[in-house]
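Now for the letters of each chain:
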Amino acid sequence: MAQIFENDLKRQIKEKNMSNCYLFYGSEDYLKQFYVNRICSKFVTRGSETFSLRRYDGKDNTLDEVLEGAQSMPFMSEYCVVVAHDFPLDTLAADQKKQLSEFLKDTPDTSITVFWMDSITVNPKESKWKSVIDNFTKYAEAVNFEKPSMRELKRIICAYAAKNGCKMEERTAEYLIELSGDSLNVLFNETVKLCNYAGQGGEIKREHIDSIAVRSLEARVFDLSKLILVHNAQGALELLHTLMLQKAEPIDVFGVILMSFADIYRAKTAVSGGENATYPAKLFDYRNKEFRLTNGGRYASKISNEQLRECFDCFAESDRQLKSTAQDGEMILERLIVRLSLILAL
């Protein structure tokens, strides 16, 4: 069999030319769930779900139950569809690995089994997961649902707005993605809210997004970083306090502030080498986030290399304190904000 992609799976479903077992993994949760539901609705006749659709969860069921369910004969449907949700296939015991391999080599023709990695993160570079994926690609099918590119996301969101009776320009869709993140689940929810706000036949504008769209934690912490960079330490401390009241984890807030300074450093290095500020996107993972480098480039000329070195020394100390001491996380971040502000003010 093979490693396939969304378009391949879409074609298989349309042509009813299915494999008998799949592994669904990847960073785009909406697409994984969408295709699980699509397979269920396409190949299980309505009314026969009790007999021809079997769902199992890794928290409550065993692999034996999944494999036994896949042996079931369909009733009033072309296939018996088996959905195995969040089974930790990378930590199976040796006998279970062998059992799964034997199943993949000889999957029943009467069933379609989908191992759906939903909340379980699959890293194809880790040896255990690589072994699992290789096993599926050898005997069954593995589908990696990656997040769509920024270009695709803008097209999808604009089309979704049109489907809900509103117009949205691609540049407006890009602004929504920058603020709310690139999760399709979140973007679809926000688009529905914006359509309701703009009204039937209306056009969604940036001011609508500013008024009602949910800002991701990353976007809010980048706002905090911007306040530091424009020498508004008081504003940054107030926003930090708000984030802490909203139960944001200090280590997560720290990570995003650090990223914003890393963006500046990378953009500054690229420009000093004669490249565009977005050049580091070719070397690092900035998928759908190239705008961070553009933003970083705006500050790069205003901060010296010496200031950046001092800032990163502060980050190193704060990182150690957050991970190895019992000090209050908010207090550590407050000190970090003040120290960064003092360095940048020199």
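Up top is the structure these notes are about.
Residues numbered from 1 in each chain as written. Predicted model: local features only at pLDDT ≥ 70, side-chain atom pairs only at ≥ 80, totals over all residues. Heavy atoms only, no water.

### Let's talk about the overall build of the protein
Then, number 1: Looking only at helices and strands, the protein features 16 helices and 8 strands.
Then, number 2: Referenced to the eigenvectors of the C-alpha coordinate spread, the extents of the protein come out at roughly 75 × 55 × 45 Å.
Then, number 3: Counting across all 346 residues of the protein, residues that qualify as buried make up 45%.
Then, number 4: Here the analysis covers contacts within the protein between residues at least 6 apart in sequence; of these, 73% occur between residues at least 24 apart.
Then, number 5: Working note: accessible area of the protein is about 18100 Å², and carbon and sulfur atoms make up 49% of it.
Then, number 6: Distance between charge centroids for the protein: 4 Å, based on 45 positive and 50 negative side chains. (Helix = DSSP H or I, 4+ residues; strand = E, 2+ residues; numbered from the N terminus. Buried < 20%, exposed > 50% of the residue type's maximum accessible area, 1.4 Å probe, protein only. Contact = heavy atoms within 4.5 Å. Areas by Shrake-Rupley, 256 points an atom, 1.4 Å probe, with all protein chains shown as cover. Lys, Arg positive; Asp, Glu negative; His and termini not counted. Charge placed at Lys NZ, Arg CZ, Asp CG, Glu CD.)

### Some words on the pairing of strand β4 (residues 80-85)
Then, number 1: Counting buried positions along β4 gives 6 out of 6 residues, so the element sits mostly inside the fold.
Then, number 2: When strand β3 (residues 53-57) meets β4, the two strands line up parallel, connected through 5 bridges. Counterpart to Leu53 in the pairing with β4 is Val81.
Then, number 3: What joins β3 to β4 is helix α4 (residues 63-69), and the crossover it makes is right-handed.
Then, number 4: With 6 bridges connecting them, β4 and strand β5 (residues 111-116) associate as parallel partners. (Pairing = 2+ DSSP bridges. Right-handed = clockwise from strand over helix to strand, strands pointing away.)

### Topic: the side chain of Asn144
Then, number 1: Within the secondary structure, Asn144 is located in strand β6 (residues 141-144).
Then, number 2: Of the residues examined, Asn144 reaches a relative accessible area of 19% and is grouped as buried.
Then, number 3: Setting aside chain neighbours within four positions, we find Asn144 in contact with Gln3, Ile4, Tyr25 and Gly26.

### Thoughts on the nonpolar core
As a rule of thumb, soluble globular proteins bury nonpolar side chains together.
Then, number 1: Grouped together as the largest cluster of nonpolar side chains are 43 residues, with contacts concentrated most on Leu9, Phe24, Ile39 and Met168.
Then, number 2: Listed by contribution, the elements that provide at least two residues to this core are α1 (6-15), β2 (21-25), α2 (29-43), β4, β5, α7 (150-163), α8 (170-180) and α9 (184-198).
Then, number 3: With 6 residues, α2 is the single largest residue contributor to this core.
Then, number 4: Among residues more than four places away in sequence, those in contact with Ile39 are Ile13, Met18, Phe24, Val44, Val81, Ile112 and Val114. (Core = buried A, V, L, I, M, F, W, Y, C linked by side-chain atoms within 4.5 Å.)

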